[in-house]
Amino acid sequence: MKIIGTGSALPKFEATNDMLSQIMDTDDEWISSRTGIKRRHLLSEQDLTEIGVEACMKALDNAGIAAEELDYIICSNTVNEFITPGLGCILQGQIGAKCPCIDINAACSGFLYGMQIANSFIASGVAKKVMVVAAEEPSRIPSWQDRSTCVLFGDGAGAVIFSDESNDVLSMRTTTTSAYEVLYSKRAMEQHPFQKEETKDVPLVMNGREVFKMAVSNSQEDIKAVMKDANISSDQVKYFVLHQANIRIVDAIQHFLGEPKEKFPTTIDYTGNTSSACIPILLDRLNREGKLSKGDVLVMSAFGAGFETAACVIKWNK
Ligand code: UT7
């Protein structure tokens, strides 16, 4: 498949580290030096659907196609107000698309899992034009009494439209290692009369150090594997488009790969971790800033709860 359009949207409201330091025991120095985050956009008066729609509309405009031309929408979403239906169904109606939609939850790796499904749909003839949209509100998962997790996240949405015009995915890999205890959250469910135990809300539980280690080692392994599969050497790679969870994770991956810093663009300073929206937001920024040229090779890689990881090598052919 080929990328034909990208779009992204961030909530209007921004919370700086200094603003957080007024409501909890933290400071700009700790957050900046440990994570690289200076500010994050949070949904306050807007809702997730609004920024999801904005990202989709920008991607359609960038692709130069109408919503009715989409054959499938794959929506990556970890949490939103609706348990059912999937967020993709709500976005579909609001953008004026008519195609089938499916939501997936592969946490922060969800956009790349969505790409893998899109690639299979296109290869098997199920669809010719597929939009993968990641719309995420991870600021609603941790407890805002827990300074070690809530400062890390921001809300946002990113969308990419793929078509069957060429075959630009040179390789792709997804991995899952069941290790939910390092990163999880639970929500209370309705009680029925025959249940013995009540379920409870459990805001995000994270073993930060363990996730950090798993992120660096798995991402490196994934990146090396997809580059080998695609028969691509590092000097052929224009950018490594990585999940934006912590600048120190990006730096560590860069260091282990022995690649120059300029090949690792970031948005983390102003977005924080927007879960699966990180990669399409970053890709859209590169596209809109004119940093991508036809034929550029991009390596994408993400990791997150599960523990799920994914990586791919794709040619920018737009
Ligand atoms: O999409 C996947 C999502 N998650 C991740 O990718 C997370 C990966 N892990 C990380 O990014 C890092 O482990 C963190 C940023 C979460 C934490 O950095 P760290 O260098 O591993 O710090 P730490 O957990 O070892 O905590 C060091 C200290 C602790 O104090 P003591 O026990 O040493 O006195 C914490 O209580 O920092 C304290 N601390 C804070 N201090 C000020 C934790 N959060 C804060 C805070 N402000 N917001």
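Report on the accompanying structure.

The rules behind the values
Residues numbered from 1 in each chain as written. Predicted model: local features only at pLDDT ≥ 70, side-chain atom pairs only at ≥ 80, totals over all residues. Heavy atoms only, no water. Axes fitted to C-alpha atoms, helices over the stretch in contact; angles between N-to-C directions. Helix = DSSP H or I, 4+ residues; strand = E, 2+ residues; numbered from the N terminus. Parallel < 35°, antiparallel > 145°, perpendicular 65-115°, else oblique. Left-handed = near helix turned anticlockwise from the far one by under 90°. Contact = heavy atoms within 4.5 Å. Nonpolar A, V, L, I, M, F, W, Y, C, P; charged D, E, K, R; others polar. Polar contact = N/O pair within 3.5 Å; in protein donor to acceptor, adjacent residues only side chain to side chain. Buried < 20%, exposed > 50% of the residue type's maximum accessible area, 1.4 Å probe, protein only. Arc of directions from axis to C-beta. Pairing = 2+ DSSP bridges. Near = heavy atom within 4 Å. Areas by Shrake-Rupley, 256 points an atom, 1.4 Å probe, with all protein chains shown as cover. Phe/Tyr/Trp six-rings, centres within 6.5 Å; stacked < 30°, edge-to-face > 60°. Core = buried A, V, L, I, M, F, W, Y, C linked by side-chain atoms within 4.5 Å. Salt bridge = Lys/Arg side-chain N within 4 Å of Asp/Glu carboxyl O. Expected span 1.5 Å × (residues − 1).

## Brief notes about the packing of helix α3 (residues 48–63) against helix α4 (residues 87–95)
Logical step 1: It is at 10 Å that the axes of α3 and α4 come closest, and there the two elements cross at 60°. Considered as vectors, α3 and α4 are oriented oblique to each other. Where α3 crosses over α4, the handedness of that crossing is right-handed. Counting all contacts with α3, which are made through L48, T49, G52, V53, C56, M57 and L60, the residues of α4 involved are L87, I90, L91, Q94 and I95.
Logical step 2: Taken together, the residues that form the contact of α3 with α4 break down as nine nonpolar, three polar and no charged.

## Structural notes on the side chain of Q244
Logical step 1: Turning to its location among the elements, Q244 is positioned in the loop between β11 (237–242) and α8 (247–257).
Logical step 2: Of note is the side chain of Q244, whose polar atom sits 3.2 Å from the backbone nitrogen of I268.

## With respect to helix α2 (residues 28–35)
Note on helix geometry: an α-helix contains 3.6 residues per turn, so any two residues three or four positions apart are oriented the same way.
Logical step 1: What α2 keeps buried is the set I31, S32 and T35. One face of α2 carries all of its buried residues, which in axial projection span an arc of 105°.
Logical step 2: Those residues of α2 that are buried are in contact with α1 (17–21), β3 (39–41), α8 and α9 (268–271).
Logical step 3: Capping the start of α2 is the job of one residue whose side-chain oxygen sits 3.2 Å from the backbone nitrogen of E29: D27.

## Digging into the sheet that holds strand β6 (residues 129–136)
Logical step 1: Across the sheet, which stays open at both edges, the five strands sit in the order β1-β7-β6-β4-β5 with mixed pairing between neighbours. At either margin of the open sheet sits one strand with a lone partner, and together these are β1 (2–9) and β5 (101–104). The average angle at which neighbouring strand axes cross in this sheet is 15°, direction not considered.
Logical step 2: With seven bridges joining them, β1 and strand β7 (residues 156–163) adopt antiparallel strand pairing. Bridge assignment links I3 to a residue of β7, and that residue is F162.
Logical step 3: Strand contacts of α3: β1, β6 and β7, with the helix running at about 145° to β1, the strand carrying the most contacts.

## Here we look at the site of the ligand
Logical step 1: Close to the ligand lie 21 residues, the nearest being T26, R34, R209, N246 and N273.
Logical step 2: Interatomic distance of 3.0 Å between a backbone N/O atom of R147 and a nitrogen atom of the ligand.
Logical step 3: Between the ligand and G208, the relevant distance is 2.9 Å, taken from a nitrogen atom to a main-chain nitrogen or oxygen of the residue.
Logical step 4: A total of 960 Å² of accessible area belongs to the ligand in isolation, and the protein chains cover 75% of it.
Logical step 5: Contributions of two or more residues to the shell around the ligand are made by α2, α6 (147–150), α7 (208–230) and α8.
Logical step 6: Per element, the largest residue contribution to the shell around the ligand is four residues, and it comes from α7.
Logical step 7: Residues belonging to the shell around the ligand are distributed by class as follows: nine nonpolar, seven polar and five charged.

## Description of the packing of aromatic side chains
Logical step 1: Tallied over the entire structure, the rule returns four aromatic pairs.
Logical step 2: Between F240 and F264, the aromatic rings sit 4.8 Å apart at their centres with planes inclined by 5°, giving stacked as the arrangement. Placement of F240 in strand β11 and of F264 in the loop between α8 and α9 is noted, with a sequence separation of 24 residues between them. The pair formed by F240 and F264 is uniform in burial state, with each residue classed as buried.
Logical step 3: With centroids separated by 6.3 Å and ring planes inclined at 15°, the aromatic side chains of F303 and F307 adopt a geometry described as stacked.

## Describing the nonpolar core
Logical step 1: Counting residues in hydrophobic clusters, the biggest one holds 42 residues, and the most contacted among them are I223, F240, V299 and V313.
Logical step 2: Secondary-structure elements contributing two or more residues to this core are α7, β11, α8, β12 (296–304) and β13 (308–316).
Logical step 3: The element that contributes the greatest number of residues to this core is α7, accounting for eight residues.
Logical step 4: When near neighbours in sequence (up to four residues on either side) are disregarded, I223 contacts F240, L242, I253, L257, V299, S301 and A311.
Logical step 5: Within the second largest apolar cluster, 37 residues are counted, among which are Y113, L282, A302 and C312.

## Side note on the pattern of salt bridges
Logical step 1: This structure, assessed with the given rule, holds 14 salt bridges.
Logical step 2: As a salt-bridge pair, K261 and D251 come within 2.9 Å of each other at their nearest N and O atoms. You can see K261 sitting in the loop between α8 and α9 and its partner D251 sitting in helix α8, a full 10 residues away along the chain.
Logical step 3: Judged by relative accessible area, which is 26%, D251 ranks as partly exposed.
Logical step 4: Close ionic contact of R285 with E289 constitutes a salt bridge, the shortest N to O distance being 3.7 Å.

## A few points about helix α5 (residues 110–123)
Logical step 1: With 14 residues, α5 extends 20 Å between its outermost C-alpha atoms, agreeing within 8% with the 20 Å of an ideal straight helix rising 1.5 Å per residue.
Logical step 2: Taken across its 14 residues, α5 has 10 buried, putting it largely inside the fold.
Logical step 3: Among the residues of α5, those classed as buried are G110, F111, L112, Y113, G114, M115, A118, N119, F121 and I122.
Logical step 4: Count one or two residues on from α5 and you reach G125, which has phi positive near 85°.

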